[in-house]
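Remarks on the overall topology
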Amino acid sequence: DAMVIQNPRYQVTQFGKPVTLSCSQTLNHNVMYWYQQKSSQAPKLLFHYYDKDFNNEADTPDNFQSRRPNTSFCFLDIRSPGLGDAAMYLCATSRDHPLARDEQFFGPGTRLTVL
Amino acid sequence: GDSVTQMEGPVTLSEEAFLTINCTYTATGYPSLFWYVQYPGEGLQLLLKATKADDKGSNKGFEATYRKETTSFHLEKGSVQVSDSAVYFCALSDDNNNDMRFGAGTRLTVKP
(Lines give C-alpha, C1' and ligand atoms only; values in the text may rest on other atoms or scores of the structure.)
Protein backbone atom coordinates (compact mmCIF):
# COMPACT_ATOMS: atom_id res chain seq x y z
CA ASP A 1 0.00 0.00 0.00
CA ALA A 2 1.16 3.48 -0.82
CA MET A 3 1.87 5.34 2.35
CA VAL A 4 3.76 7.89 4.41
CA ILE A 5 6.26 6.41 6.85
CA GLN A 6 7.90 8.15 9.77
CA ASN A 7 10.84 6.94 11.79
CA PRO A 8 11.27 6.63 14.61
CA ARG A 9 7.80 6.65 16.15
CA TYR A 10 9.24 7.79 19.47
CA GLN A 11 12.41 9.82 19.91
CA VAL A 12 14.03 10.93 23.14
CA THR A 13 16.77 13.52 23.08
CA GLN A 14 18.55 15.73 25.55
CA PHE A 15 18.22 19.45 25.85
CA GLY A 16 20.45 21.02 23.20
CA LYS A 17 21.39 17.75 21.49
CA PRO A 18 20.63 17.80 17.73
CA VAL A 19 18.04 15.37 16.52
CA THR A 20 16.81 14.30 13.08
CA LEU A 21 13.40 12.90 12.27
CA SER A 22 12.76 11.15 8.99
CA CYS A 23 9.85 10.74 6.65
CA SER A 24 9.49 8.70 3.50
CA GLN A 25 6.64 8.28 1.06
CA THR A 26 5.71 5.76 -1.58
CA LEU A 27 2.98 7.94 -3.07
CA ASN A 28 5.35 9.78 -5.42
CA HIS A 29 3.78 13.06 -4.35
CA ASN A 30 5.36 16.38 -5.24
CA VAL A 31 4.83 18.08 -1.90
CA MET A 32 6.03 17.10 1.55
CA TYR A 33 5.11 18.97 4.73
CA TRP A 34 6.27 19.01 8.32
CA TYR A 35 3.79 19.89 11.06
CA GLN A 36 4.30 20.29 14.79
CA GLN A 37 1.43 19.22 17.02
CA LYS A 38 1.46 19.91 20.72
CA SER A 39 -0.84 18.21 23.14
CA SER A 40 -4.55 18.90 22.54
CA GLN A 41 -3.77 21.37 19.75
CA ALA A 42 -4.17 21.46 16.01
CA PRO A 43 -1.14 20.71 13.84
CA LYS A 44 0.96 23.75 12.96
CA LEU A 45 2.82 23.89 9.66
CA LEU A 46 6.58 24.37 9.98
CA PHE A 47 7.57 24.21 6.29
CA HIS A 48 7.00 22.34 3.09
CA TYR A 49 8.83 21.27 -0.05
CA TYR A 50 7.21 21.60 -3.42
CA ASP A 51 9.50 19.29 -5.36
CA LYS A 52 12.92 20.77 -4.47
CA ASP A 53 11.58 24.19 -3.63
CA PHE A 54 11.74 24.80 0.13
CA ASN A 55 9.09 27.02 1.74
CA ASN A 56 9.49 28.10 5.34
CA GLU A 57 6.57 29.45 7.37
CA ALA A 58 7.28 32.94 8.68
CA ASP A 59 7.02 31.96 12.35
CA THR A 60 9.05 28.75 12.20
CA PRO A 61 12.07 29.12 14.50
CA ASP A 62 15.54 28.98 12.96
CA ASN A 63 16.21 25.99 15.18
CA PHE A 64 14.16 23.91 12.74
CA GLN A 65 15.64 22.93 9.39
CA SER A 66 14.64 20.49 6.70
CA ARG A 67 16.22 18.51 3.88
CA ARG A 68 14.70 16.71 0.96
CA PRO A 69 17.42 14.74 -0.84
CA ASN A 70 14.99 13.11 -3.26
CA THR A 71 11.27 12.77 -3.97
CA SER A 72 10.76 10.02 -1.44
CA PHE A 73 12.54 11.31 1.63
CA CYS A 74 12.32 14.38 3.80
CA PHE A 75 14.11 15.10 7.08
CA LEU A 76 13.40 17.44 9.96
CA ASP A 77 16.48 18.62 11.82
CA ILE A 78 16.19 20.29 15.21
CA ARG A 79 19.58 21.85 15.86
CA SER A 80 19.27 22.56 19.58
CA PRO A 81 16.07 21.13 21.01
CA GLY A 82 14.52 22.97 23.89
CA LEU A 83 11.92 21.70 26.34
CA GLY A 84 9.30 23.61 24.36
CA ASP A 85 10.05 21.54 21.26
CA ALA A 86 8.62 18.39 22.82
CA ALA A 87 5.68 17.54 20.57
CA MET A 88 4.34 15.17 17.95
CA TYR A 89 5.89 15.86 14.54
CA LEU A 90 3.75 14.94 11.59
CA CYS A 91 4.90 14.48 8.03
CA ALA A 92 2.35 14.84 5.26
CA THR A 93 2.30 14.75 1.47
CA SER A 94 0.10 16.02 -1.30
CA ARG A 95 0.15 15.32 -4.99
CA ASP A 96 -0.17 18.88 -6.20
CA HIS A 97 0.97 22.32 -5.19
CA PRO A 98 -0.38 23.39 -1.77
CA LEU A 99 -2.57 26.02 -3.41
CA ALA A 100 -4.36 23.31 -5.41
CA ARG A 101 -6.67 22.61 -2.43
CA ASP A 102 -5.69 18.98 -2.48
CA GLU A 103 -5.98 16.57 0.42
CA GLN A 104 -2.92 15.78 2.47
CA PHE A 105 -1.82 12.32 3.50
CA PHE A 106 -0.28 12.05 6.95
CA GLY A 107 2.23 9.71 8.46
CA PRO A 108 1.78 8.23 11.95
CA GLY A 109 3.95 10.89 13.53
CA THR A 110 7.09 10.93 15.68
CA ARG A 111 6.64 11.84 19.31
CA LEU A 112 9.67 13.79 20.50
CA THR A 113 10.58 13.97 24.17
CA VAL A 114 13.26 16.43 25.33
CA LEU A 115 14.91 15.70 28.66
CA GLY B 1 -7.20 35.15 7.20
CA ASP B 2 -8.73 31.77 6.62
CA SER B 3 -9.79 29.90 9.73
CA VAL B 4 -11.83 26.99 10.99
CA THR B 5 -13.93 26.96 14.14
CA GLN B 6 -15.22 23.70 15.46
CA MET B 7 -17.27 22.62 18.40
CA GLU B 8 -15.28 22.37 21.57
CA GLY B 9 -15.11 19.07 23.30
CA PRO B 10 -14.84 16.77 24.85
CA VAL B 11 -17.95 15.00 23.64
CA THR B 12 -19.06 11.84 25.42
CA LEU B 13 -21.77 9.66 23.93
CA SER B 14 -23.21 6.24 24.52
CA GLU B 15 -22.87 3.62 21.82
CA GLU B 16 -25.47 3.95 19.03
CA ALA B 17 -26.13 7.62 19.83
CA PHE B 18 -26.32 10.26 17.11
CA LEU B 19 -23.23 12.40 16.62
CA THR B 20 -22.93 15.97 15.40
CA ILE B 21 -19.70 17.95 15.52
CA ASN B 22 -20.16 21.49 14.29
CA CYS B 23 -17.63 23.16 12.02
CA THR B 24 -17.74 26.60 10.44
CA TYR B 25 -15.11 28.28 8.34
CA THR B 26 -13.93 31.65 7.12
CA ALA B 27 -12.22 31.80 3.75
CA THR B 28 -11.67 34.42 1.09
CA GLY B 29 -11.41 31.89 -1.72
CA TYR B 30 -13.20 28.67 -2.58
CA PRO B 31 -11.81 26.12 -0.18
CA SER B 32 -11.91 22.37 -0.13
CA LEU B 33 -13.16 21.09 3.22
CA PHE B 34 -12.02 18.03 5.11
CA TRP B 35 -12.61 16.02 8.22
CA TYR B 36 -9.59 14.20 9.63
CA VAL B 37 -9.62 11.71 12.50
CA GLN B 38 -6.73 11.09 14.89
CA TYR B 39 -6.72 7.96 17.02
CA PRO B 40 -4.58 7.95 20.19
CA GLY B 41 -0.87 8.05 19.41
CA GLU B 42 -1.46 8.09 15.66
CA GLY B 43 -1.25 10.55 12.81
CA LEU B 44 -4.21 12.11 11.05
CA GLN B 45 -6.34 10.04 8.70
CA LEU B 46 -8.60 11.59 6.12
CA LEU B 47 -12.19 10.72 7.01
CA LEU B 48 -14.04 12.56 4.24
CA LYS B 49 -13.87 15.62 2.05
CA ALA B 50 -15.89 17.96 -0.15
CA THR B 51 -14.48 20.23 -2.79
CA LYS B 52 -17.41 22.49 -3.73
CA ALA B 53 -20.65 23.85 -2.40
CA ASP B 54 -23.43 21.30 -1.78
CA ASP B 55 -21.05 18.36 -2.08
CA LYS B 56 -21.57 15.68 0.54
CA GLY B 57 -18.57 13.74 1.76
CA SER B 58 -19.20 10.36 3.35
CA ASN B 59 -17.16 7.48 4.74
CA LYS B 60 -17.64 4.76 7.37
CA GLY B 61 -21.12 6.05 8.22
CA PHE B 62 -19.92 9.63 8.70
CA GLU B 63 -21.29 12.43 6.53
CA ALA B 64 -20.72 16.14 6.08
CA THR B 65 -22.24 18.57 3.59
CA TYR B 66 -20.43 21.65 2.28
CA ARG B 67 -22.83 24.55 2.97
CA LYS B 68 -21.58 27.74 1.39
CA GLU B 69 -24.56 29.81 2.57
CA THR B 70 -23.83 29.02 6.22
CA THR B 71 -20.07 28.44 5.73
CA SER B 72 -20.42 25.15 7.55
CA PHE B 73 -19.28 21.54 7.23
CA HIS B 74 -20.83 19.73 10.19
CA LEU B 75 -19.87 16.10 10.78
CA GLU B 76 -22.67 13.62 11.52
CA LYS B 77 -23.03 9.94 12.19
CA GLY B 78 -26.28 8.19 12.92
CA SER B 79 -24.99 5.55 15.32
CA VAL B 80 -21.55 5.83 16.90
CA GLN B 81 -19.44 2.91 18.06
CA VAL B 82 -16.82 2.62 20.76
CA SER B 83 -14.21 2.37 17.99
CA ASP B 84 -15.14 5.90 16.84
CA SER B 85 -13.50 7.33 19.96
CA ALA B 86 -10.84 9.71 18.65
CA VAL B 87 -10.10 13.36 18.02
CA TYR B 88 -11.80 14.85 14.96
CA PHE B 89 -10.35 17.81 13.08
CA CYS B 90 -12.19 19.95 10.59
CA ALA B 91 -9.86 21.53 8.03
CA LEU B 92 -9.80 23.64 4.93
CA SER B 93 -7.42 24.08 2.05
CA ASP B 94 -7.66 26.90 -0.45
CA ASP B 95 -5.64 28.80 -2.99
CA ASN B 96 -4.54 31.50 -0.55
CA ASN B 97 -2.46 29.48 1.90
CA ASN B 98 0.18 26.82 1.74
CA ASP B 99 -1.04 24.95 4.75
CA MET B 100 -4.09 22.98 5.70
CA ARG B 101 -5.98 25.15 8.21
CA PHE B 102 -7.23 23.00 11.06
CA GLY B 103 -9.80 23.57 13.72
CA ALA B 104 -8.80 22.96 17.33
CA GLY B 105 -10.08 19.40 17.28
CA THR B 106 -12.96 17.73 19.12
CA ARG B 107 -12.31 14.73 21.31
CA LEU B 108 -15.06 12.13 21.10
CA THR B 109 -15.44 9.35 23.64
CA VAL B 110 -18.04 6.66 23.03
CA LYS B 111 -18.97 4.51 26.01
CA PRO B 112 -20.44 1.00 25.74
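The structure this text deals with has already been given above.
The notes below deal with the structure included here. Small disclaimer: the values here were computed from a predicted structure and weren't measured.

1. Considering the pattern of salt bridges
- All told, the structure shown has nine salt bridges over all chains when counted by the stated rule.
- A salt bridge links Glu42(B) to Arg9(A), with the shortest nitrogen-to-oxygen separation between them at 3.9 Å. With Glu42(B) in the loop between strand S5 (32-38) and strand S6 (44-50) and Arg9(A) in the loop between strand S1 (4-7) and strand S2 (10-13), the pair connects residues from two separate chains.
- A relative accessible area of 32% places Glu42(B) in the partly exposed class.
- Judged by its relative accessible area of 29%, Arg9(A) falls in the partly exposed class.
- Among the ionic contacts, a cluster of salt bridges with common partners joins Arg95(A), Asp96(A) and Asp102(A).

2. Overview of the state of the cysteines
- Throughout the structure, instances matching the rule amount to two disulfides over all chains.
- One disulfide in the model links Cys23(A) with Cys91(A); its S-S distance is 2.0 Å. Because the sign of the S-S torsion sets the handedness, a value of about -75° for the bond joining Cys23(A) and Cys91(A) places this disulfide among the left-handed ones. Pair noted here: Cys23(A) is in strand S3 (residues 19-25) and Cys91(A) is in strand S9 (residues 87-94), with a separation of 68 residues, a long-range link.
- Of the residues examined, Cys23(A) reaches a relative accessible area of 1% and is grouped as buried.
- At a sulfur-sulfur separation of 1.9 Å, the disulfide partner of Cys23(B) is Cys90(B). With the S-S dihedral at roughly -70°, the linkage between Cys23(B) and Cys90(B) falls on the left-handed side. Remark: Cys90(B) occurs in strand S10 (residues 86-93) and Cys23(B) occurs in strand S4 (residues 23-26); sequence separation between them is 67 residues.

Definitions and cut-offs
Residues numbered from 1 in each chain as written. Chains lettered and ligands numbered in written order. Predicted model: local features only at pLDDT ≥ 70, side-chain atom pairs only at ≥ 80, totals over all residues. Heavy atoms only, no water. Salt bridge = Lys/Arg side-chain N within 4 Å of Asp/Glu carboxyl O. Helix = DSSP H or I, 4+ residues; strand = E, 2+ residues; numbered from the N terminus. Buried < 20%, exposed > 50% of the residue type's maximum accessible area, 1.4 Å probe, protein only. Disulfide = S-S within 2.5 Å.

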